[in-house]
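The lines below spell out each chain.
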Amino acid sequence: MQEQQARRDIDALLKTYFDGLYHGDAARLREVFHPQAQLFGEVRGAPYQNTVDGWLNAVASRPSPQAKGESFQMETLEVQLHNQIAYVRARCPMLGFNYFDYLALMHNGERWLITNKLFTHVDA
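Residues numbered from 1 in each chain as written. Predicted model: local features only at pLDDT ≥ 70, side-chain atom pairs only at ≥ 80, totals over all residues. Heavy atoms only, no water.

A.B. asks: What's the story with the pairing of strand 3 (residues 75-82) in this structure? I'm lost.
C.D. replies: Each regular strand carries side chains that alternate between the two faces of the sheet. By the bridge criterion, seven bridges tie strand 3 to strand 4 (residues 85-94) in an arrangement that is antiparallel. Within strand 4, the residue paired with E78 across the bridge is R89. Linking strand 3 to strand 4, which pair antiparallel, is a turn of two residues; within it N83 sits at a positive phi near 55°. (Pairing = 2+ DSSP bridges. Helix = DSSP H or I, 4+ residues; strand = E, 2+ residues; numbered from the N terminus.)

Laid out in structure tokens, this is it:
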């Protein structure tokens, strides 16, 4: 896989991820996650752990940032690419939180998928 194509594919995945978060679209988010992905985090001192299915159910049942009238501020801070794996650091301010996401990605032979999401909230 050429690095330039991999970067374009990862950028497209991140656009889908950010759009899915912003619009609260669980179906779009499901497209970019491995079915067995795990989510771990820490929010205001409280640990968080969930499966991708559990997390997507939560996303679908809460008001989206768009529905609450929030501006879109999500951004990619860093992408590290090594062969068929990648690491992404992103900032996702939404719903009163200032999230920093650390996403592990892997190319499965057909496309890139998020295999793990690690996140925290940082007071602004």
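Now that the structure is up, let's keep going.
A.B. asks: What should I look at first to understand the environment of Q5 in this one?
C.D. replies: Within the element layout of this structure, Q5 appears in helix 1 (residues 3-23). As for Q5 and I114, which are separated by 109 residues in sequence, their C-alpha atoms are 17 Å apart.

A.B. asks: What's the story with the layout of surface pockets in this structure? I'm lost.
C.D. replies: Empty pockets left among the atoms are what a rolling probe the size of a water molecule brings to light. What the largest pocket holds in volume is close to 170 Å³. Lining the largest pocket are L21, V43, Y48, W55, A58, R62, C92, M94, Y99, D101, K117 and F119. Elements supplying a minimum of two residues to the lining of the largest pocket: helix 3 (52-61), strand 4, strand 5 (97-107) and strand 6 (112-121). In terms of residue class, the lining of the largest pocket is built from nine nonpolar, no polar and three charged. (1 Å grid on protein atoms, 1.4 Å probe; cavity = no way out; pocket = protein on both sides within 12 Å on 5 of 7 lines; lining within 4 Å. Points joined across faces, edges and corners; volume = space filled by probe spheres on them. Nonpolar A, V, L, I, M, F, W, Y, C, P; charged D, E, K, R; others polar.)

A.B. asks: Looking at this structure, how should I read the nonpolar core?
C.D. replies: Considering soluble globular proteins, one finds that nonpolar side chains tend to be buried as a cluster. If you look at the biggest cluster of nonpolar residues, it comprises 33 residues, and the most contacted ones within it are I10, Y17, W55 and L105. Of all the elements, helix 1 adds the most residues to this core, at eight residues. If we skip the residues at most four places from it in the chain, I10 touches V79, L81, A86, V88, L105 and W112. (Core = buried A, V, L, I, M, F, W, Y, C linked by side-chain atoms within 4.5 Å. Buried < 20%, exposed > 50% of the residue type's maximum accessible area, 1.4 Å probe, protein only. Contact = heavy atoms within 4.5 Å.)

A.B. asks: Any chance you could explain the sheet that holds strand 2 (residues 46-51) here in plain terms?
C.D. replies: The strands making up a sheet are joined through hydrogen bonds of the backbone, oriented either antiparallel or parallel. An order of 2-1-6-5-4-3 is seen for the six strands of this open sheet, with the pairing classed as mixed. Both outer strands of the open sheet, strand 2 and strand 3, are each paired with one neighbouring strand and no more. Neighbour to neighbour, the strand axes of the sheet diverge by 15° on average, direction disregarded. Pairing geometry for strand 4 and strand 5, over 10 bridges, is antiparallel. Looking at the pairing, C92 lines up with Y99 of strand 5. Relative to the sheet, helix 1 contacts strand 1 (33-43), strand 3, strand 4, strand 5 and strand 6, its axis offset from that of strand 3 by approximately 145°. Where helix 3 meets the sheet, its contacts fall on strand 1, strand 2 and strand 6, and the angle it forms with strand 2 comes to roughly 105°. (Axes fitted to C-alpha atoms, helices over the stretch in contact; angles between N-to-C directions.)

A.B. asks: Sorry if this is basic, but what is going on with the environment of Y17 here?
C.D. replies: For Y17, the location among the structural elements is in helix 1. On the accessibility criterion, Y17 (0% relative accessible area) is buried. For Y17 and R28, which are 11 residues apart along the polypeptide, the C-alpha to C-alpha distance reads 7.4 Å. Beyond its immediate stretch of four places on either side in the chain, Y17 contacts L29, V32, F33, W55, C92, D101, L103, I114 and K117.

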